[in-house]
Amino acid sequence: MVTVTYTCPRCDAVVELERDAYLADKSVTPDPLEGWEYAPAYGEFEAAAGVEIVCGASETRGEGCGRPFYLSFVRYEDGREVDPGRSLDEVSFDFLRG
């Protein structure tokens, strides 16, 4: 296990996450990516596509903003890296614009 630090994309608070070293990070985003499934930071997330981190929870150095953000791991399907596409927030906005 290694301790890796991430920065909240909203408030710049630093979060520490203990995880297996073999996991490859894809991105840290304020909104979840379309098609990615996220596990909570306090649970078993090694088999998930990413981690939902709540800024300000016990993993955070200092206070934080209290909002979730998303760490996405690199995923492969049929030996090819999966393109993360857009965040669910972007997809919802497109739907509302019609």
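Reference entry: report on the structure contained in this document. Just so it is clear, the structure is predicted and the values come from calculations on it, not from any experiment.

A separate point is the overall build of the protein. Within the protein one finds 1 helix and 9 strands. Ordered by position in the sequence, the α and β elements of the protein form the string β-β-β-β-β-β-β-β-β-α. Long-range pairs, those at least 24 residues apart, make up 51% of the contacts in the protein between residues at least 6 apart in sequence. When the accessible surface of the protein is summed, it comes to about 6100 Å², and 47% of that surface belongs to carbon and sulfur atoms.

For the structure on display, the rule yields 0 disulfides. C55 supplies the cysteine sulfur nearest to C11, a cysteine that is in no disulfide, at a spacing of 3.5 Å. On the basis of relative accessibility, which here comes to 34%, the residue C11 falls in the partly exposed class.

To continue, consider the packing of aromatic side chains. Applying the stated criterion across every chain yields a total of 2 aromatic pairs. For the pair Y38 and Y70, a centre-to-centre distance of 5.0 Å together with 65° between the ring planes defines the contact as edge-to-face. Taken as a pair, Y38 in strand β4 (residues 38-40) and Y70 in strand β7 (residues 68-73) lie far apart in primary sequence, 32 residues in all. There is no split in this pair, since Y38 and Y70 are both buried. Each ring, one from F45 and one from F73, has its centre 6.4 Å from the other, and the planes form 25°; the classification is stacked. Placement of the pair is F45 in the loop between β4 and β5 (50-54) and F73 in strand β7, with a sequence separation of 28 residues. A cation sits over an aromatic face here: R75 above W36, 4.2 Å from the ring centre.

Rules of the game
- Residues numbered from 1 in each chain as written.
- Predicted model: local features only at pLDDT ≥ 70, side-chain atom pairs only at ≥ 80, totals over all residues.
- Heavy atoms only, no water.
- Helix = DSSP H or I, 4+ residues; strand = E, 2+ residues; numbered from the N terminus.
- Contact = heavy atoms within 4.5 Å.
- Areas by Shrake-Rupley, 256 points an atom, 1.4 Å probe, with all protein chains shown as cover.
- Disulfide = S-S within 2.5 Å.
- Buried < 20%, exposed > 50% of the residue type's maximum accessible area, 1.4 Å probe, protein only.
- Phe/Tyr/Trp six-rings, centres within 6.5 Å; stacked < 30°, edge-to-face > 60°.
- Lys NZ or Arg CZ within 6 Å of the ring centre and 35° of its normal.

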